[in-house]
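Topology and contacts: notes
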Amino acid sequence: NVLIGGADTTVRWMGNAIVNIHRHPAALVELRAGPALLPQALEEVMRLDGVTRFAIRTVRAEGVVLAGQPLAQGDTVYALTSLANRDPAAFDDPKHFDIHRKARPHLGFSHGLHQCIGMNLARVEAQAMLGRLLAPGAPALAIVEVDYGDVSVVKGPQRLLLRIAV
C-alpha cells in the first residue's frame, strides 16, 4: 500500500517541485549550488503547491461545531487543505515561494490519524530525484510544456516535458 498508494501523488509532487523551482530562478541557482536547502524547498513546494486539494471527512459524533457551524453526526465535511496551507494566520506571506521559510507544520501530507503513511518514503524519493537533477554539473533543464489535466482531486503534472538547456 505504501509503494503503490503513493506512487501517483509522489510523482506529481516531484513534478510540482520541478515546476516551482524552475519558476523561481534565484531558488534554482541556490539549490544547484548546494543541496542543503533541498528538503526545506520540497516542504515549501508541498505547502504552497501540494498534491491533494482537499480531504473528505465524516462527522462521527453529535455536538460538533466547526467555525461556528453546528454539524450533525454523519455530515460530510470537505476540508480544503490547499487553502489552509496558505493561511496568513499560520504563514507569513503565504502566497510567496520561499525556500528559506522556517519549517512550520502544513497539511500537504494530511494530519493525525489520516497522515500519509508513506510521507517519509516520498520525501526520500523526491530528495533523491531532485538532488540528481540539481546537482552541480548536472545539465540545466528548461520546461517545455506542463499539462496538469484535471486538478479537482490531485494537482501535479500529468505531463511534463523538459529540454536539456544548451
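Residues numbered from 1 in each chain as written. Predicted model: local features only at pLDDT ≥ 70, side-chain atom pairs only at ≥ 80, totals over all residues. Heavy atoms only, no water.

**Brief notes about the packing of helix H4 (residues 38-48) against helix H6 (residues 119-134)**
For any two helices packed against each other, the geometry is given by the interaxial angle and the distance between the axes. Viewed as axis vectors pointing N to C, H4 and H6 meet at an angle of 115°, and their least axial separation amounts to 10 Å. On the basis of their axis angle, the class for H4 and H6 is roughly perpendicular. For the crossing formed where H4 meets H6, the hand is right-handed. Across the interface between the two elements, Leu38, Pro39, Leu42 and Glu43 of H4 pack against Arg123, Ala126, Gln127, Leu130, Gly131 and Leu134 of H6. The residue makeup of the contact of H4 with H6, split by class, is six nonpolar, two polar and two charged. (Axes fitted to C-alpha atoms, helices over the stretch in contact; angles between N-to-C directions. Helix = DSSP H or I, 4+ residues; strand = E, 2+ residues; numbered from the N terminus. Parallel < 35°, antiparallel > 145°, perpendicular 65-115°, else oblique. Left-handed = near helix turned anticlockwise from the far one by under 90°. Contact = heavy atoms within 4.5 Å. Nonpolar A, V, L, I, M, F, W, Y, C, P; charged D, E, K, R; others polar.)

**Comments concerning the layout of surface pockets**
Roughly 150 Å³ of internal volume is contained in the second largest pocket. At the level of secondary structure, the elements contributing two or more residues to the lining of the second largest pocket comprise strand E1 (55-58) and helix H5 (81-84). Residue composition of the lining of the second largest pocket, grouped by class: five nonpolar, four polar and one charged. (1 Å grid on protein atoms, 1.4 Å probe; cavity = no way out; pocket = protein on both sides within 12 Å on 5 of 7 lines; lining within 4 Å. Points joined across faces, edges and corners; volume = space filled by probe spheres on them.)

**Observations regarding helix H3 (residues 25-33)**
For H3, the set of buried residues is Ala27, Leu28 and Leu31. With its buried residues spanning 100° around the axis, H3 presents them on a single face. For H3, the exposed residues set more than 90 degrees away from the buried face come down to Pro25, Ala26, Val29 and Ala33. Against helix H2 (7-22), H4 and H6 lie the buried residues of H3. (Buried < 20%, exposed > 50% of the residue type's maximum accessible area, 1.4 Å probe, protein only. Arc of directions from axis to C-beta.)

**Overview of the pattern of salt bridges**
Using the criterion set out here, one finds six salt bridges in the structure. Two residues, Glu44 and Arg47, come together in a salt bridge whose shortest N-O distance is 2.9 Å. In this pair, Glu44 and Arg47 both sit in helix H4, three residues apart, roughly one turn of the helix. With a relative accessible area of 3%, Glu44 lands in the buried category. (Salt bridge = Lys/Arg side-chain N within 4 Å of Asp/Glu carboxyl O.)

**Focus: the packing of aromatic side chains**
Using the criterion set out here, one finds two aromatic pairs in the structure. Residue placement shows Arg47 over the ring face of Phe91; its charged tip is 4.9 Å from the ring centre. Above the ring of Tyr148, the side-chain terminus of Lys155 is found at 4.5 Å from the ring centroid. (Phe/Tyr/Trp six-rings, centres within 6.5 Å; stacked < 30°, edge-to-face > 60°. Lys NZ or Arg CZ within 6 Å of the ring centre and 35° of its normal.)

**Some words on the environment of Asn20**
Counting through the fold element by element, Asn20 comes out in helix H2. Dropping the residues within four chain positions of it, Asn20 is found in contact with Val45, Leu48, Asp49 and Phe97.

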